[in-house]
Amino acid sequence: MASWGRVIRANHFVARPRFGDELDGFLNGLSADRPGLAVGLRRSYGDTNLNPDGRIIDMTSLDRVIAFDRETGVMRAEAGLSLSQALQILVPAGWFLPTTPGTRFVTLGGAVANDVHGKNHHAAGTFGASVRRLKLLRTDGGAQEIGPGNALFHATVGGLGLTGVIAWVEFQAVRVPSSSLDAEDTAFARVEDYFDIAAERKHSFEHTMAWVDCSVGGAKLGRGILSAANWYAYGDVAPHRELPSKTVPLDAPGFTLNTMTVRAFNSVRHELKSMRSGPYRSHYEPFLYPLDGIANWNRLYGPKGFYQYQCVLPPATARDGVAELLKAIATSGQGSPLAVLKDFGPREAVGMLSFPMEGTTLALDFRNRGESTLRLMADLDRIVAAASGRLYPAKDGRIPPEMFQAGFPKWQDFRAYVDPGLSSAFWRRVSG
Amino acid sequence: MDGSLGAIAMQPDLKNTIKPSNRVVILGALSAMATAAARIYAAEGAALVLVARNEARLAALAADLRARGAVEVETAALDLEAEAPQARLHLADWAKRLGSVDHIHLVYGYLGDQAKASIDPTELTRITVSNFASAVHWCEAAANILRAQRHGALVAVSSVAGDRGRQSNYAYGAAKGGIALFVQGIAHSLAGTGARAVAVKPGFVDTPMTDGLKKGGPMWASADQLGRALRRAADAGGPIQYAPGKWRMVMAIIRSVPAFVFHKTKL
Ligand SMILES: Cc1cc2nc3c(=O)[nH]c(=O)nc-3n(C[C@H](O)[C@H](O)[C@H](O)COP(=O)(O)OP(=O)(O)OC[C@H]3O[C@@H](n4cnc5c(N)ncnc54)[C@H](O)[C@@H]3O)c2cc1C
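Turning to the sheet that holds strand 7 (residues 131-137) of chain A, a few remarks are in order. Residues and elements named next belong to chain A. With antiparallel pairing, five strands are arranged side by side in an open sheet as 4-5-9-7-8. In the strand order of this sheet, the two ends are held by strand 4 (65-69) and strand 8 (143-146), each with one partner. When strand polarity is set aside, the average angle formed by the axes of neighbouring strands in this sheet is 10°. Bridge count between strand 5 (residues 74-78) and strand 9 (residues 165-172): five bridges; the pairing is antiparallel. Paired with Ala77 across the bridge in strand 9 is Val169.

Given below as structure tokens:
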């Protein structure tokens, strides 16, 4: 079994309950000596969803909606329900997810455990901000229904699956007038311009994010395109097609990375080349989930897998820090052709370990080339640390313990809420 | 003025005003592929009766299907093997609850363990009763309804294991092969009425029932794929359908391998 990045692979004992009443039985068998971990669709890249030689509870068959109120938009569902399936139900009724990561193939449990963010973070906050209640099962004492205000709740949101197994999640959806977005692309020639455009756009657009071209350095360093969008007010409400249209069937040999990835990112690349700007209308699917049309695209990186690196830098240091990071990446020649930039809003984080904080986040992929890739990421770590930034635990699977502990000062408080019968490769690595 | 108030007061509840796309009975509704099929029906706006043993689990599935768009979901918690002799009464009751019935899916079954069945009569009985001896009663009761109303479909889950007796699971294979013949006969008897019967033969399906086996590769199908195959079978296709379709070729080859060769394998 491997996580999405496929760098780390390990053997696990996997249980796959299909009914909520089976969970208690699986939890009873867990202890500090034989810890377990609940996982969702394993879209985290690193080692937060791995528990080598230990027990894994695969939650994805626990995917039933418990209640959905079409009038109020409140949905309660088992934690294994995917955001994709949730949308199939929400959208035709005129509702949408309060926020969504760049893939719809994550579970509600995973969305809570990483307190995921989306293109509308500055407007909506994280997924955890919409959670009204959840049911948590602990190996050391029964089930609890908890919500905002309860300390265990704030440990569980962003809690990386360590505070208990989330059985169900109740969240508040948002009304949408249609299933399409009125979007607008703005090209920028240098990364400084990104900050000015983003600062202005976030007042008038719910969704914003930017692609940055990492393949060019020098004078063109940090050129890119910022996309911003609002819901189109008049269209109809039609959900996405559930089945991916293309699949990457087997591990692509390493050398196909360039051609295939370029194809996958082709539309964006094309826009970048022409530095196209202007408005367009798009269904939410290609706008919010550009890679979901290709199943198993992670195989494009070949059998050795890849790392994703995602950091956030606070407003005071973001401009210089991001420029410095981009320069280091361009010089190394190791980055993926494209990186993502996005500004997070000032909302207070819901979870003790929630990744988003006010500032700018940068994310990109690195194909695993062994030592040199790790060295590059260590260089980036130094820039991030100097800028008082932090790294996203869901992403790269090698965050050094000092880096994690410095980035998440509440981690010591968090410890008190960890379920002794649960653990992960990540947690053993960073909390040691 | 008071006329319109009266109209509001007299408006019947929603359940009776929305016409379901289909009225469906699912026998063995808690299996992964049955759930997948039920969700397709729900999204279409069907009315369903879900039948299986566990009441609480049925209630959870019913809530899920309502959220997904089913206009009505009823549950019946009972033991389909034990209740098979009363199949007519039960089906009539469920048809009455739904108003009528269009599609009947028989999805329950028991894989069992051939080695155990060879020495343990209880296991052998359970395999043959679950997959054949009880199933025929439900199929015949469904066939009687279809014959009388001259429309609708019976879809029963058989298996590719029913195409050739093999040392590793001949009890299961014989029972699943038997039910396919039975349903094929029903399909013949329904010819020209407008009603249909289909035996669906899945190959390897990735469900909890097969969790002990090594999975992956092109011959494995997901429960969702099978759910789509069951749903489709209710509308179209011949009386024996392989799912996915490529199994038809595979099984034609396996059936044609001469015994002196086949007996050298451990299949
Ligand atoms: C293409 C792509 C784009 C992405 N874009 C974004 C983005 O824009 N923003 C963002 O925030 N993230 C993004 N991610 C990361 C992804 O949203 C998170 O990793 C998410 O948590 C994955 O959910 P999952 O169901 O796959 O969980 P997994 O990866 O399986 O598990 C993630 C964590 O959740 C825990 N967990 C899962 N289920 C439960 C449960 N029922 N109870 C307790 N703990 C549980 C696990 O223990 C683990 O710690 C992206 C990932 C991909 C592949």
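It is worth spelling out the pairing of strand 13 (residues 224-231) of chain A at this point. Residues and elements named next belong to chain A. When you tally the buried positions in strand 13, you get seven out of eight residues, the bulk of the element. Summarising the sheet, strand 11 (residues 180-188) and strand 13 pair through eight bridges and their orientation is antiparallel. Looking at strand 13, one finds that Thr186 is bridged to Leu226. With six bridges joining them, strand 12 (residues 207-213) and strand 13 adopt antiparallel strand pairing. Counterpart to His207 in the pairing with strand 13 is Ala229.

Tallied over the full model, the rule gives 31 salt bridges over all chains. Here Arg16(A) ties to Asp206(B) by a salt bridge, and the two come within 2.9 Å at their closest N and O atoms. You can see Arg16(A) sitting in the loop between strand 1 (13-15) and helix 1 (23-28) and its partner Asp206(B) sitting in strand 7 (residues 204-206), one on each of two chains. For Arg16(A), a relative accessible area of 23% puts it in the partly exposed group.

So, about the sheet that holds strand 2 (residues 36-39) of chain A. Residues and elements named next belong to chain A. Pairing is parallel in the open sheet, where three strands are placed in the order 1-3-2. At either margin of the open sheet sits one strand with a lone partner, and together these are strand 1 and strand 2. Sheet twist, expressed as the average angle between the axes of neighbouring strands with direction ignored, equals 25°. As judged from the four bridges shared by strand 2 and strand 3 (residues 55-58), these two strands associate in the parallel manner. Paired with Gly36 across the two strands is Arg55, which belongs to strand 3.

Moving on, we come to the packing of helix 3 (residues 32-44) of chain B against helix 4 (residues 55-67) of chain B. The description of two packed helices rests on the angle between their axes and on the distance between the axes. Residue and element names in this part refer to chain B. One can describe the packing of helix 3 onto helix 4 by two numbers: an axis separation of 8 Å at closest approach and a directional angle of 35°. Helix 3 and helix 4 meet at a crossing whose hand is right-handed. Each of Thr35, Ala38, Arg39 and Ala42 in helix 3 lies in contact with helix 4, whose residues at this interface are Leu61, Asp64 and Leu65. Its residues placed into classes, the contact of helix 3 with helix 4 shows four nonpolar, one polar and two charged.

The next subject is the site of the ligand. All names here are of chain A. Near the ligand lie 34 residues; those nearest to it are Ala38, Arg43, Ser44, Thr107 and Tyr392. Within the contact set of the ligand, an oxygen atom lies 2.9 Å away from a backbone nitrogen or oxygen of Arg42. Contact between the ligand and Leu160: an oxygen atom at 2.9 Å from a main-chain N or O atom of the residue. Taking 960 Å² as the accessible area of the ligand by itself, protein coverage stands at 96%. Broken down by secondary-structure element, the contributors of at least two residues to the shell around the ligand are strand 2, helix 3 (108-113) and strand 9. Class assignment for the residues of the shell around the ligand results in 18 nonpolar, 13 polar and three charged. Both domains that furnish three or more residues to the shell around the ligand are identified here as domain 1 (13-176 + 410-431) and domain 2 (180-399).

Glancing now at the interface of chain B and chain A. Taken together, the contacts link 21 residues of chain B with 15 residues of chain A. When chain B packs against chain A, the two sides together hide about 1,300 Å² of surface, and 44% of this comes from carbon and sulfur. It is Arg57(B), Ala67(B) and Arg68(B) that lose the most area in chain B upon contact with chain A, and together they represent 40% of the buried surface on that side. We note a salt bridge from Asp63(A) to Arg39(B), for which the minimum N-O separation is 3.0 Å. Counting across the chain B and chain A interface gives eight residue pairs in polar contact (both at pLDDT 80 or more). At the level of elements, helix 3 and helix 4 of chain B are the ones that each hand at least two residues to the side of chain B that touches chain A. Here the element with the most residues in the side of chain B that touches chain A is helix 4 of chain B; it accounts for seven residues. Per-class residue counts for the side of chain B that touches chain A are seven nonpolar, five polar and nine charged.

Now for helix 4 of chain B. For helix 4 of chain B, which comprises 13 residues, the first-to-last C-alpha distance of 19 Å matches the rise-based estimate of 18 Å (1.5 Å per residue) to within 8%. Among the residues making up helix 4 of chain B, those that are buried are Arg57(B), Leu58(B), Leu61(B), Ala62(B), Ala63(B), Asp64(B), Leu65(B) and Ala67(B). For helix 4 of chain B, the elements touching its buried residues are strand 4 and helix 2 (83-90) of chain A together with helix 3, strand 2 (47-52) and strand 3 (72-77) of chain B. Of the residues that open helix 4 of chain B, the one with a side-chain oxygen 3.1 Å from the backbone nitrogen of Ala56(B) is Asn54(B).

Residue and element names in this part refer to chain A. Running from N to C, helix 6 (residues 191-204) and helix 10 (residues 315-332) cross one another at 140°; their axes reach a closest spacing of 9 Å. Considered as vectors, helix 6 and helix 10 are oriented oblique to each other. Remark: the crossing between helix 6 and helix 10 carries right-handed chirality. Only Ala318, Arg319, Val322, Ala323 and Leu326 of helix 10 make contact with helix 6, whose side of the interface consists of Val191, Glu192, Phe195 and Asp196.

A few words on unusual backbone geometry. Following Ala243(B), the chain continues to Pro244(B) via a peptide bond in cis, the omega torsion being -10°. As for its placement among the helices and strands, Pro244(B) is situated in the loop between strand 9 (240-243) and helix 11 (247-256). Here the phi dihedral of Arg42(A) falls at roughly 55°; this positive angle occurs in a residue that is not glycine. Mapped onto the secondary structure, Arg42(A) falls in the loop between strand 2 and strand 3. With a phi angle near 60°, Asp53(A) is a residue other than glycine that sits in the positive phi range. Along the chain, Asp53(A) falls in the loop between strand 2 and strand 3.

Residues and elements named next belong to chain B. Over its 15 residues, helix 8 (residues 135-149) extends 21 Å from the first C-alpha to the last, a length consistent with the 21 Å expected when each residue adds 1.5 Å. Taken together, the buried positions of helix 8 are Ala135, Val136, Trp138, Cys139, Ala141, Ala142, Ala143, Ile145 and Leu146. With its phi angle positive at about 60°, Arg150 sits one or two positions after the end of helix 8.

The rules behind these values
- Residues numbered from 1 in each chain as written.
- Chains lettered and ligands numbered in written order.
- Predicted model: local features only at pLDDT ≥ 70, side-chain atom pairs only at ≥ 80, totals over all residues.
- Heavy atoms only, no water.
- Pairing = 2+ DSSP bridges.
- Helix = DSSP H or I, 4+ residues; strand = E, 2+ residues; numbered from the N terminus.
- Axes fitted to C-alpha atoms, helices over the stretch in contact; angles between N-to-C directions.
- Buried < 20%, exposed > 50% of the residue type's maximum accessible area, 1.4 Å probe, protein only.
- Salt bridge = Lys/Arg side-chain N within 4 Å of Asp/Glu carboxyl O.
- Left-handed = near helix turned anticlockwise from the far one by under 90°.
- Contact = heavy atoms within 4.5 Å.
- Nonpolar A, V, L, I, M, F, W, Y, C, P; charged D, E, K, R; others polar.
- Near = heavy atom within 4 Å.
- Polar contact = N/O pair within 3.5 Å; in protein donor to acceptor, adjacent residues only side chain to side chain.
- Areas by Shrake-Rupley, 256 points an atom, 1.4 Å probe, with all protein chains shown as cover.
- Domains from an automatic or database assignment.
- Buried area = accessible area lost by both parts, 1.4 Å probe.
- Expected span 1.5 Å × (residues − 1).
- Parallel < 35°, antiparallel > 145°, perpendicular 65-115°, else oblique.

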